[in-house]
Amino acid sequence: IFLWSALISVTLVALSAGYLIGGKLADKSPSIMRLCMLIAVAGIWVIAIPWMKHPVLVFAEQFGLRWAVLISAFVLFFPPLTLLGIVSPYAIKLKTQSLDEVARSAGTLYAISTLASVFAALATGFYLIPNFGIIRLTISVGIVLVLTAVIGSISFGIEGSFKIAFSSE
């Protein structure tokens, strides 16, 4: 019970912080490259979790079970989940072409995001963890995040190069 409460609470607080920070960052200077960098850093953090968990748990255990679980969940998961929370407002800002479509863009993004989360939760619990284990799954998720950022950066670079090349005509 302590573990699930801590994980759910840390996830919700981190996402809330990410949405707040992401909204401010996106209004200041939205850029696909910055978005890709945030995703890459989140991925690198997730890849590092299996190696960070032991020292974090050793440190946190001195505070008793309840606090140890909460502290560990916060240290291990708050940073990458906050970075991933930044993605939604950033994506809305980058996708929106006019004020007339802001609500539609936000609604579509959150609908897709929520459905993907439901699918991911079911796939993780019913298939991925039983068949691959938590460590392999954690590292794989981190790798997918980093690859997504790299592909996004390359795609933007190519797209940006074409825009520069053709805009000089």
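All of the points below concern the structure found in this document. Because the structure is a prediction, the values reported are computed rather than measured.

With that settled, the discussion passes to the overall build of the protein. For the protein, the helix and strand inventory stands at five helices and zero strands. Reading the secondary structure of the protein in the N-to-C direction produces α-α-α-α-α. The C-alpha extent of the protein, read off along each of the three principal axes, is 65 × 30 × 30 Å. When contacts within the protein are restricted to residue pairs at least 6 apart in sequence, long-range pairs at least 24 apart make up 78% of them. For the protein, the accessible surface area stands at approximately 11100 Å², while carbon and sulfur atoms represent 75% of it. The distance from the centre of the 10 positive side-chain charges to the centre of the 6 negative ones in the protein is 10 Å.

Before going further, it helps to spend a moment on the side chain of Ser72. Note that Ser72 resides in helix α3 (residues 65–95). At a separation of 2.8 Å, a polar atom in the side chain of Ser72 contacts the main-chain carbonyl oxygen of Ala68. Not counting residues up to four positions away in its chain, the partners in contact with Ser72 are Val56, Leu57 and Ala60.

Further remarks concern the nonpolar core. A general feature of soluble globular proteins is that nonpolar side chains tend to end up buried together. In this structure, Ile39, Leu83, Ile86, Tyr90 and Ala149 are the most contacted members of the largest nonpolar core, which totals 13 residues. When contributions to this core are tallied by element, the ones reaching two or more residues are α2 (32–60), α3 and α5 (134–167). The element contributing the most residues to this core is α2, with seven residues. Excluding its chain neighbours within four sequence positions, the residues that come into contact with Tyr90 are Gly22, Leu25, Ala26, Ser29, Pro30, Ser31, Arg34 and Leu35. Ala6, Val10, Ala14 and Val69 belong to the second largest nonpolar core, which has seven residues in total.

This brings us to the packing of aromatic side chains. Any pair of aromatic rings gets described here by the distance separating the centres and the angle formed by the planes. Inspection of every chain in the model, using the stated rule, returns four aromatic pairs. Centre to centre, the rings of Tyr19 and Tyr110 are 6.2 Å apart; their planes meet at 90°, and the pair counts as edge-to-face. Taken together, the residues Tyr19 in helix α1 (residues 2–28) and Tyr110 in helix α4 (residues 102–132) connect sequence positions 91 residues apart. Judged by its relative accessible area of 32%, Tyr110 is partly exposed. When the centroid spacing of 4.5 Å and the interplanar angle of 20° are considered together, the rings of Phe74 and Phe78 count as stacked.

Between α1 and α3, whose axes approach to 5 Å, the crossing angle comes to 30°. Between α1 and α3 the crossing geometry is right-handed. Class assignment of the residues belonging to the contact of α1 with α3 gives a composition of 24 nonpolar, seven polar and three charged.

Judged by side-chain polarity, Val118, Leu122, Phe126, Tyr127 and Phe132 come together as a nonpolar surface patch covering roughly 550 Å² of accessible area. Position of Tyr127 relative to the elements: it lies in helix α4. For Tyr127, a relative accessible area of 47% translates into the label partly exposed.

Quick look at the layout of surface pockets now. Empty space within the largest pocket amounts to approximately 2400 Å³. Where the lining of the largest pocket is concerned, the elements lending two or more residues are α1, α2, α3, α4 and α5. Counting residues per element, the lining of the largest pocket draws most heavily on α4, which supplies 14 residues. Residue classes in the lining of the largest pocket are distributed as 36 nonpolar, eleven polar and two charged.

On to the packing of α2 against α3, then. Two elements in contact, α2 and α3, have axes whose closest approach is 9 Å; the angle formed by their N-to-C orientations is 175°. The pairing of α2 with α3 is recorded here as roughly antiparallel in orientation.

Cut-off values and rules
- Residues numbered from 1 in each chain as written.
- Predicted model: local features only at pLDDT ≥ 70, side-chain atom pairs only at ≥ 80, totals over all residues.
- Heavy atoms only, no water.
- Helix = DSSP H or I, 4+ residues; strand = E, 2+ residues; numbered from the N terminus.
- Contact = heavy atoms within 4.5 Å.
- Areas by Shrake-Rupley, 256 points an atom, 1.4 Å probe, with all protein chains shown as cover.
- Lys, Arg positive; Asp, Glu negative; His and termini not counted.
- Charge placed at Lys NZ, Arg CZ, Asp CG, Glu CD.
- Polar contact = N/O pair within 3.5 Å; in protein donor to acceptor, adjacent residues only side chain to side chain.
- Core = buried A, V, L, I, M, F, W, Y, C linked by side-chain atoms within 4.5 Å.
- Buried < 20%, exposed > 50% of the residue type's maximum accessible area, 1.4 Å probe, protein only.
- Phe/Tyr/Trp six-rings, centres within 6.5 Å; stacked < 30°, edge-to-face > 60°.
- Axes fitted to C-alpha atoms, helices over the stretch in contact; angles between N-to-C directions.
- Left-handed = near helix turned anticlockwise from the far one by under 90°.
- Nonpolar A, V, L, I, M, F, W, Y, C, P; charged D, E, K, R; others polar.
- Patch = residues over 30% accessible without salt bridge, like charges linked within 9 Å, V, L, I, M, F, W, Y side chains within 5 Å.
- Salt bridge = Lys/Arg side-chain N within 4 Å of Asp/Glu carboxyl O.
- 1 Å grid on protein atoms, 1.4 Å probe; cavity = no way out; pocket = protein on both sides within 12 Å on 5 of 7 lines; lining within 4 Å.
- Points joined across faces, edges and corners; volume = space filled by probe spheres on them.
- Parallel < 35°, antiparallel > 145°, perpendicular 65-115°, else oblique.

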